[in-house]
Amino acid sequence: MQTSPLSRFRLSGFSLAMLMAGPVLAQSAPVPAPVVAQASVPVLREVVVSGSRSERELDEVPASVDVLTGEDLDPARVGDIRELVRNVPNVSVRRAPQRFGAVNGSTGRDGNAGFNIRGLEGNRVLLTVDGIRVPRELSSGVFGSAAFGRDYYDLGLISRVEILRGASSALYGSDGLAGMVAMFTTEPKDLLKPGQTLGGRVGLRADTEDGSRGVGVTLAGAPSETLQWLGSVQVGRAKELDNQGENFALNSNRTAPNPQKDKGVSLLGKVVLTPGGGQRHTLTLEHVDKRSEVEAYSGRSTTATGTLDLDGTTDMQRTRLSWDGRFRVDGSAWADELRATVGYQEADSQEVSTELRTATPNNRSRDVTYTEKLWQAVLQAEKARSLGADWGQKLVYGVDVSVSRMDNLVTGVTPPAYETYPLKRFPPTRETNTALFVQSEFATDRWSVIPALRYDRFDLKAAADPLYPLQPASLKDSALSPKLGLIFRPGDELSLFANLAAGFKAPSSLQLNNFFQNTAASYRTIPNPNLKPETSRTLELGARDTTGPVQWEAAVFSGRYKDFIEELVVVGGQAGNPANPLTYQAVNKSQVRLSGFELKGKLALGKATDLRLAYGQTKGRDTTAGVPLNSVNPARLVLGVDHRVGDWKFGASVNHVAKKSTGDIDYTSAPNQFATPAYTTLDLRASWQLRPGMKISAALNNVTDRKYWEWTNVRGLAASSTVLDAYTAPGRSVAVALVADF
């Protein structure tokens, strides 16, 4: 079975012709870069990497990219990925309350589950740290109380975040269906001043929203002109995330948060070697370890088959070792610079539920683990050429290879009658992906034409295992992902852009080989070796401009997504019929359409005051079933003001989120769902530069103590639920941070 978005995406022939035209027409004399407009745009000319696989100014990328750095990552304002995108329209992070059972119900076990971009989430969003892919989300009803999210981050190690909206598969391959979140860890140059041989940073943070407090110490040194190093340790503690529930009952009626204790320790080490000749080598070791303990009062009941006590623990670890090498190539007709990246990463996640029951036997536990080991290697070349007649070309091409090994184990004490521990929900699986990619930019002062093309070949090979009772299914397939970007500059500051792109996501090991069987009730899940990759075609049109004190960017987008994989779909059988049990399977089913609008701008009122605006709205529909797409969040408007007085900075943000209209909710699987009302919150912030290199900052969030619900956390919850308040967002909270550079 071959999947070829190319056959349904007619720009490919043009893309290939454009990609090949440069080497044929190019003059022999290289130029530093394509000829492009060099007008100064203070904010929008951020340098980004995710939009093109190479460093370029933001307004030279034909796509919407949010860049978060500097004060955007102030620890008083941002403690985790949920807070990171608090004021970013059309981007969110789901975090449901921890309300779960020992065997059934996984609500909240995945914590900060991952990013939602323009209505798509989970593994449909590509996540990377320093170019290395973050482990995938793993959740399914067959895992019971276990659900593994993708929050393998410590933002104390991060200096920059880029959020690329729209399909990114033409450059990065699978999982870039909806977009990409690329994070970059701190570099020695971020802390060392010119001529400084030893420097560092100490940070302290506390937040009443979850009772968190943390300390981080980072040291950097430059013992010689060719060598730099960095070491960082981040330690944090937290409690349960606050809400506005007021019922503290020790049973399922509870709406106040369940007591929780979180611990986190993260380490980062870097060595940067610049031996000369245009070479730069960066060796990075990163380790993130997060542990959580929950006293699940909400899971208690005193019925004859109830639960007297329920506890849960979660442990997530990610360790990465990577090398990034850059080489200047002089005199070559095919490359000015080579970049090689090799990384190895291990992720181990474990969730345990321990239950004291009223029935005999009264002790029950379930221990679920998920492991993912990754090798990733990328070799990339860049070449700039003059084509004459004021045209220039920049070519980026290379090969990307990754090998992932995924496994799981379910064990415990006193399993349900229909199961025997230990067992595996899917067999050990090795996924190999090999890709070739090329992007070529042709540019003048007025125009940039940027075609790109990537070919991916992936192979999911499952191995037989005594803990997995079926013959495992394997899958081989390929995808061809073209992209065409255009930029037109009618004036010195104004630029118009268009981006037409294809994306895809390969099936996961759990989707391919999900197995569960309840012989007593006669139902089961089975593998599906015929799954196809999910694919997308997206179009984005936008404009950027700076006119005097006004900077703005606007974009409209539309996308079609095919062959969405839905898990646990009934494909045959009858419940209660042992000879023909009710059968579930992951299948390619949904066809989805998404469209929307985004606007962001800044107005400078003199030298000391800035006004900011951001707005995003997305509409989504499952066109196969003819129903709305529930993963789409309501429209969001953010208005902000920043004012500087001497060593002080003050700011305020008003965040308004529209109601979730009943016409935008799919009630098929969950009738009478709760539709979240509109809400408006006010956040205040201030910082004081105590002395050069030392700053104290504070944030007062939800000043009016507004009670509200976020749609992403409550979807599927009945409007008649007696525990609606358990899903409310935090009320008024205060966060403070002290950061000292030396």
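Rules behind the numbers
Residues numbered from 1 in each chain as written. Predicted model: local features only at pLDDT ≥ 70, side-chain atom pairs only at ≥ 80, totals over all residues. Heavy atoms only, no water. Helix = DSSP H or I, 4+ residues; strand = E, 2+ residues; numbered from the N terminus. Rg over C-alpha atoms; globule rule 2.2 N^0.38 Å. Buried < 20%, exposed > 50% of the residue type's maximum accessible area, 1.4 Å probe, protein only. Contact = heavy atoms within 4.5 Å. Areas by Shrake-Rupley, 256 points an atom, 1.4 Å probe, with all protein chains shown as cover. Lys, Arg positive; Asp, Glu negative; His and termini not counted. Charge placed at Lys NZ, Arg CZ, Asp CG, Glu CD. Polar contact = N/O pair within 3.5 Å; in protein donor to acceptor, adjacent residues only side chain to side chain. pLDDT = per-residue confidence, 0-100. Pairing = 2+ DSSP bridges. Salt bridge = Lys/Arg side-chain N within 4 Å of Asp/Glu carboxyl O. Phe/Tyr/Trp six-rings, centres within 6.5 Å; stacked < 30°, edge-to-face > 60°.

**Q** Where do I start with the overall build of the chain in this structure?
**A** Broken down by element type, the chain carries five helices and 36 strands. Computed over C-alpha atoms, the radius of gyration of the chain comes to 26 Å, within 12% of the 27 Å expected from 2.2 N^0.38 for 742 residues, which places it in the range of a compact globule. Dimensions of the chain along its principal axes, counting C-alpha atoms only, are 80 × 60 × 55 Å. Relative to its 742 residues, the chain shows a buried fraction of 56%. Partitioning the intrachain contacts of the chain with sequence separation of at least 6 by distance along the chain shows that 69% fall at a separation of at least 24. Accessible area for the chain stands at about 29,600 Å²; split by element, carbon and sulfur atoms hold 58% of it. Of the charged side chains in the chain, 84 are positive and 79 negative, and the gap between their average positions amounts to 3 Å.

**Q** In this structure, what is going on with the side chain of Arg489? I would like to understand it.
**A** Here Arg489 shows up in the loop between strand S23 (475-488) and strand S24 (495-505). Among the polar contacts listed, one links the side chain of Arg489 to the backbone oxygen of Trp447, at a separation of 3.5 Å. Engagement of the side chain of Arg489 in a polar contact is seen with the side chain of Ser448, the distance being 2.6 Å.

**Q** Which parts of the structure should I look at to understand the confidence of the model for the chain?
**A** When pLDDT is low, close inspection of the predicted coordinates is not appropriate. Considering every residue of the chain, the mean pLDDT works out to 89; 93% of them sit at 70 or more. Across the chain, element-level confidence peaks in strand S14 (residues 227-239) with a mean pLDDT of 98 and bottoms out in helix H1 (residues 12-25) with 40.

**Q** How do you make sense of the pairing of strand S27 (residues 534-547) when you look at a structure like this?
**A** For a regular strand, side-chain orientation follows a simple rule: the groups alternate between the two sheet faces. Of all the 14 residues making up S27, ten are buried; the element is thus mostly covered by neighbouring parts of the structure. Across eleven bridges, S24 lies against S27 in antiparallel orientation. Paired with Lys505 across the bridge in S27 is Glu534. Here 13 bridges tie S27 to strand S28 (residues 550-572), and the two strands are oriented antiparallel to one another. For Leu541, the partnering residue across the bridge sits in S28 and is Val556. Once S27 ends, the chain turns through two residues before running back antiparallel as S28, passing Gly548 with a positive phi of about 60°.

**Q** What is the right way to read the pairing of strand S6 (residues 125-129) from this model?
**A** With five of its five residues buried, S6 lies for the most part within the structure. The alternating pattern of S6 places Val125, Leu127 and Val129 and Leu126 and Thr128 on opposite faces, both of which are buried. Pairing of S6 with strand S11 (residues 179-185) involves five bridges; the strand directions are parallel. Of the residues in S11, the one forming a bridge with Leu126 is Met180. Looking at chain direction, S6 and strand S7 (residues 132-133) are connected through two bridges and run antiparallel. Bridging from a neighbouring strand, Thr128 pairs with Arg133 of S7. Hairpin remark: S6 followed by S7, antiparallel, with two residues in the connecting loop; positive phi at Asp130, about 55°.

**Q** What is the right way to look at the pattern of salt bridges in this model?
**A** A side chain of one charge can pair with a side chain of the opposite charge if their charged atoms are brought near each other. Across all of its chains, the model carries 53 salt bridges by this definition. Ionic pairing is found between Arg165 and Glu598, a salt bridge with its closest N-O pair at 2.6 Å. Placement of Arg165 in strand S10 (residues 158-165) and of Glu598 in strand S29 (residues 582-605) is noted, with a sequence separation of 433 residues between them. What makes Arg165 buried here is its relative accessible area of 4%. When its relative accessible area of 8% is taken as the criterion, Glu598 is described as buried. For the salt bridge of Glu419 with Arg366, the shortest nitrogen-to-oxygen distance reads 3.4 Å. One end of the pair, Glu419, is in the loop between strand S20 (391-413) and strand S21 (429-443); the other, Arg366, is in strand S19 (residues 363-388), and 53 residues separate them in sequence. Here Glu419 and Arg366 have matching classes, each one buried.

**Q** How should the packing of aromatic side chains be read in this particular structure?
**A** Within the structure shown, the criterion is met by 13 aromatic pairs. Arranged with centres 6.1 Å apart and planes meeting at 75°, the rings of Tyr468 and Phe515 form a pair that is edge-to-face. Of this pair, Tyr468 sits in the loop between strand S22 (447-462) and S23 while Phe515 sits in the loop between helix H4 (509-513) and strand S25 (516-518), and the two are 47 residues apart along the sequence. In this structure, Tyr468 and Phe515 share a single accessibility class: buried. Here Tyr679 and Tyr708 contribute two aromatic rings whose centre-to-centre distance is 4.1 Å and whose plane-to-plane angle is 25°, an arrangement assigned as stacked. Highlighted residues: Tyr679 in strand S34 (residues 679-691) and Tyr708 in the loop between strand S35 (694-701) and helix H5 (711-714), separated in sequence by 29 residues. With respect to class, Tyr679 is no different from Tyr708; both count as buried.

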